[in-house]
Amino acid sequence: TPVQTDWRVNVLIIVFTEMRDKLRKWREDNHRNSEQIVDVGEELINEHASKLGDDIWIIYEQVMIAALDCSRDDLAWTCLQELKRQFPGSQRVKRLAGMRLEALEKYEDASKQYDSILQDDPTNTAARKRKISILKAQGKSAEAIRELNEYLEQFVGDQEAWHELSELYINEHDYGKAAFCLEELMMTNPHNHLYCEQYAEVKYTQGGLENLELSRKYFAQALKLNNRNMRALFGLYMSASHIAASPKVNATVKKANVKYATWATNQINRAYQVSYARCLL
Amino acid sequence: MVSSFWRDVVGVGLFALAHAAFSAAQHRSYMRLTEKENETLPIDIVLQTLLAFVLTIYGIVHISGEFKDMDASSELKNKTFDTLRNHPSFYMFNHRGRVLFCSPDREVSNIPNAEALRNPLRLRKLKHLH
């Protein structure tokens with residue numbers, strides 16, 4: 001009957017828009033749930049290509065990268081071919097071809113690909129960042145760090161690159177320089193509680209009384225920005241307890257830090273009680 | 001998905017606004033012709049302008065999509081390191097996923113770097129130190 005067909009078509013349309021919106025949300029929030037992206041994206045491409053319109057190209061790109069993560073080289077190749085056909089000579093597509101070569105561990109060929117992009121357009125940041133990723137993948141962390149520093153001297157505003165550099169320094173246990181990178185990020189994103197918290201963690205790892213006090217302050221700042229940040233709460237408790245336990249502090253500082261640690265303990269207990277009560281509902 | 005009703009409301013509001021402006025201009029030229037330049041705009045034109053203004057604003061508010069919080073940090077309350085740590089421009093692909101998701105019938109020998117299998121990464125790193 002006609003009514004039944006309408007209902008089914010409506011459900012299909014709802015399902016299709018949901019899938020497309022999910023993909024967009026994952027793309028905008030930088031989720032790396034590649035298995036899900038491949039599942040949803042592959043179905044979208046195969047079944048609903050006509051309804052997507054111009055969105056399909058960015059979905060091809062997103063699905064291709066996810067397919068490389070999931071070792072689905074066939075799907076990645078298909079997406080790449082479609083993009084090559086639609087955008088011949090595009091540098092963004094060339095970069096994707098290079099990424100595919102990287103996934104197949106053909107680092108020399110990938111490097112040549114990026115060099116050709118940089119020859120045509122020396123300001124192309126994407127190709128430079130991929131070259132740095134090749135160095136990272138080959139385990140050459142010192143060179144990767146050096147190249148990334150040079151890149152940041154020219155492109156000082158690139159926040160992703162600063163965060164990447166901080167991660168590289170943390171892997172090398174160079175916490176002072178990692179802290180510097182995180183300071184840059186905190187300056188440009190003063191309302192982001194996560195950068196505050198990561199900075200506090202780095203300072204805490206460095207150790208020493210001064211760094212512990214600084215870390216306690218930044219954990220407190222992270223909590224001020226977001227009072228639901230549990231890691232910052234635990235960090236506040238740990239740093240305050242360590243300062244109180246240190247033999248180098250005088251009695252007043254010790255008393256103050258014990259007070260902070262107790263406050264943090266109470267907050268943590270309360271948070272657990274609230275979430276337990278919520279589970280029971 | 002913008003409802004076309006609100007778009008029509010904005011259209012009607014803008015049209016009414018334009019109509020009121022046109023009427024006011026005509027009124028002004030009529031006043032100049034009859035040399036009664038002291039008279040203020042007739043009340044119906046004023047009312048039409050105000051009502052059209054309110055209608056347009058109300059319609060635009062419904063079209064413009066979801067409002068964001070004024071507090072800059074509240075948007076970030078739900079953000080976690082799960083997503084903050086991902087740097088799409090720096091993604092690497094030499095992770096376990098290349099092997100984990102590999103279908104069992106596919107040969108593992110499509111890895112061209114055969115030395116990598118015999119010499120895992122940590123031993124390769126140690127080699128550099130000598």
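On a predicted model such as this, the values are computed, not experimentally measured, just so you know.

S.K.: Outline the overall build of chain B, listing residues and values.
M.R.: The helix and strand inventory of chain B stands at 6 helices and 0 strands. From first element to last, N terminus to C terminus, chain B shows the α and β order α-α-α-α-α-α. For chain B, with 130 residues in total, the buried portion stands at 21%. Long-range pairs, those at least 24 residues apart, make up 62% of the contacts in chain B between residues at least 6 apart in sequence. If you sum the accessible surface of chain B, you get close to 10,400 Å²; carbon and sulfur atoms cover 62% of it.

S.K.: Please set out the side chain of A:Glu160 residue by residue, giving values where relevant.
M.R.: Examined against the element boundaries, A:Glu160 turns out to sit in helix H10 (residues 159-171). Setting aside its immediate chain neighbours within four residues, A:Glu160 contacts A:Lys129, B:His87, B:Pro88, B:Ser89 and B:Phe90.

S.K.: Please set out the packing of helix H4 (residues 55-69) of chain A against helix H5 (residues 73-86) of chain A residue by residue, giving values where relevant.
M.R.: All names here are of chain A. Here H4 crosses H5 at 150°, and the two axes come no closer than 8 Å. Considering the angle they form, H4 stands roughly antiparallel to H5. Viewed along their axes, H4 and H5 form a crossing whose handedness is left-handed. For the pair formed by H4 and H5, the contact residues are Trp57, Tyr60, Glu61, Val63, Met64, Ala67 and Leu68 on the first element and Asp73, Leu75, Ala76, Cys79, Leu80, Glu82, Leu83 and Gln86 on the second. Across the contact of H4 with H5, the residue classes tally to 11 nonpolar, 1 polar and 3 charged.

S.K.: Residues and numbers for the interface of chain B and chain A, please.
M.R.: Opposite the 30 residues of chain B that make contact, chain A presents 40 residues. Approximately 3,700 Å² of surface area, both sides summed, lies buried where chain B meets chain A, with 54% of it carried by carbon and sulfur atoms. By the criterion of area lost to chain A, the three top residues of chain B are B:Phe90, B:Phe93 and B:Arg98, representing 22% of everything that side buries. The interface formed by chain B and chain A holds 1 salt bridge in total. Among the salt bridges present, the one from B:Arg98 reaches A:Asp73, with a minimum N-O distance of 3.4 Å.

S.K.: Give me the lowdown on the UniProt feature "repeat: TPR" (unreviewed entry) in chain A, citing residues and values where you can.
M.R.: Those places that UniProt annotates as "repeat: TPR" (unreviewed entry) correspond, in this numbering, to residues 159-192 of chain A. Overall, residues 159-192 of chain A shows 79% helix and 0% strand. The separation of its end C-alpha atoms is 13 Å.

S.K.: Could you give an account of helix H9 (residues 141-154) of chain A, naming the residues involved and the relevant values?
M.R.: Residues and elements named next belong to chain A. Taking 1.5 Å per residue as the helical rise, H9 with its 14 residues ought to reach 20 Å, and the 20 Å between its terminal C-alpha atoms agrees with that figure. Listing the buried residues of H9 in full gives Ser141, Ala144, Ile145, Leu148, Tyr151 and Leu152. Buried residues in H9, looked at end-on, bunch into an arc of 125°, giving them a common side. Facing away from the buried side of H9 by more than 90 degrees, the exposed set consists of Ala142, Glu153 and Gln154. Taken together, the buried residues of H9 touch helix H8 (125-137) and H10.

S.K.: So what's going on with the UniProt feature "domain: EMC2 TPR-like" (unreviewed entry) in chain A? Residues and values would help.
M.R.: Within the UniProt annotation, "domain: EMC2 TPR-like" (unreviewed entry) is assigned to residues 94-203 of chain A. For the annotated span residues 94-203 of chain A, helix accounts for 81% and strand for 0% of the residues, and the straight-line distance between the end C-alpha atoms is 41 Å.

S.K.: So what about the pattern of salt bridges? Which residues, and what values?
M.R.: Opposite charge on two side chains permits them to pair, given that their charged atoms come into close proximity. Residues and elements named next belong to chain A. Evaluation of the coordinates by the stated rule reveals 19 salt bridges over all chains. When the shortest N-O distance is used, the salt bridge between Asp69 and Arg32 registers 2.9 Å. Note that Asp69 is positioned in helix H4 and Arg32 in the loop between helix H1 (2-28) and helix H2 (34-47), a separation of 37 residues in sequence. Note on Arg32: relative accessible area 30%, which makes it partly exposed.

S.K.: Outline empty space enclosed by the protein, listing residues and values.
M.R.: Residues and elements named next belong to chain A. Under the defined criterion, the tally for this structure stands at 1 cavity of 30 Å³ or more. One number sums up the size of the largest cavity: a volume of about 30 Å³. Arg20, Arg24, Arg27, Asp55 and Ile59 are the residues that line the largest cavity. Counting residues per element, the ones that place at least two in the lining of the largest cavity are H1 and H4. In terms of residue count, H1 provides more of the lining of the largest cavity than any other element does, 3 residues in total. Its residues assigned to classes, the lining of the largest cavity shows 1 nonpolar, no polar and 4 charged.

S.K.: Summarise the packing of aromatic side chains; cite the residues concerned and give the values.
M.R.: All names here are of chain A. Following the criterion strictly, the structure yields 7 aromatic pairs over all chains and no others. Considering the side-chain rings of Trp57 and Phe87, the 5.7 Å spacing of their centres and the 80° angle between planes classify their relative orientation as edge-to-face. Of this pair, Trp57 sits in helix H4 while Phe87 sits in the loop between H5 and helix H6 (91-103), placing them 30 residues apart in sequence. On the accessibility criterion, Trp57 (19% relative accessible area) is buried. On the accessibility criterion, Phe87 (35% relative accessible area) is partly exposed. Lys51 extends its terminal NZ or CZ atom over the ring of Phe16, reaching a point 5.1 Å from the ring centre.

Reading guide: rules and limits
Residues numbered from 1 in each chain as written. Chains lettered and ligands numbered in written order. Predicted model: local features only at pLDDT ≥ 70, side-chain atom pairs only at ≥ 80, totals over all residues. Heavy atoms only, no water. Helix = DSSP H or I, 4+ residues; strand = E, 2+ residues; numbered from the N terminus. Buried < 20%, exposed > 50% of the residue type's maximum accessible area, 1.4 Å probe, protein only. Contact = heavy atoms within 4.5 Å. Areas by Shrake-Rupley, 256 points an atom, 1.4 Å probe, with all protein chains shown as cover. Axes fitted to C-alpha atoms, helices over the stretch in contact; angles between N-to-C directions. Parallel < 35°, antiparallel > 145°, perpendicular 65-115°, else oblique. Left-handed = near helix turned anticlockwise from the far one by under 90°. Nonpolar A, V, L, I, M, F, W, Y, C, P; charged D, E, K, R; others polar. Buried area = accessible area lost by both parts, 1.4 Å probe. Salt bridge = Lys/Arg side-chain N within 4 Å of Asp/Glu carboxyl O. UniProt positions renumbered as here; feature names shortened; annotations may be inferred. Expected span 1.5 Å × (residues − 1). Arc of directions from axis to C-beta. 1 Å grid on protein atoms, 1.4 Å probe; cavity = no way out; pocket = protein on both sides within 12 Å on 5 of 7 lines; lining within 4 Å. Points joined across faces, edges and corners; volume = space filled by probe spheres on them. Phe/Tyr/Trp six-rings, centres within 6.5 Å; stacked < 30°, edge-to-face > 60°. Lys NZ or Arg CZ within 6 Å of the ring centre and 35° of its normal.

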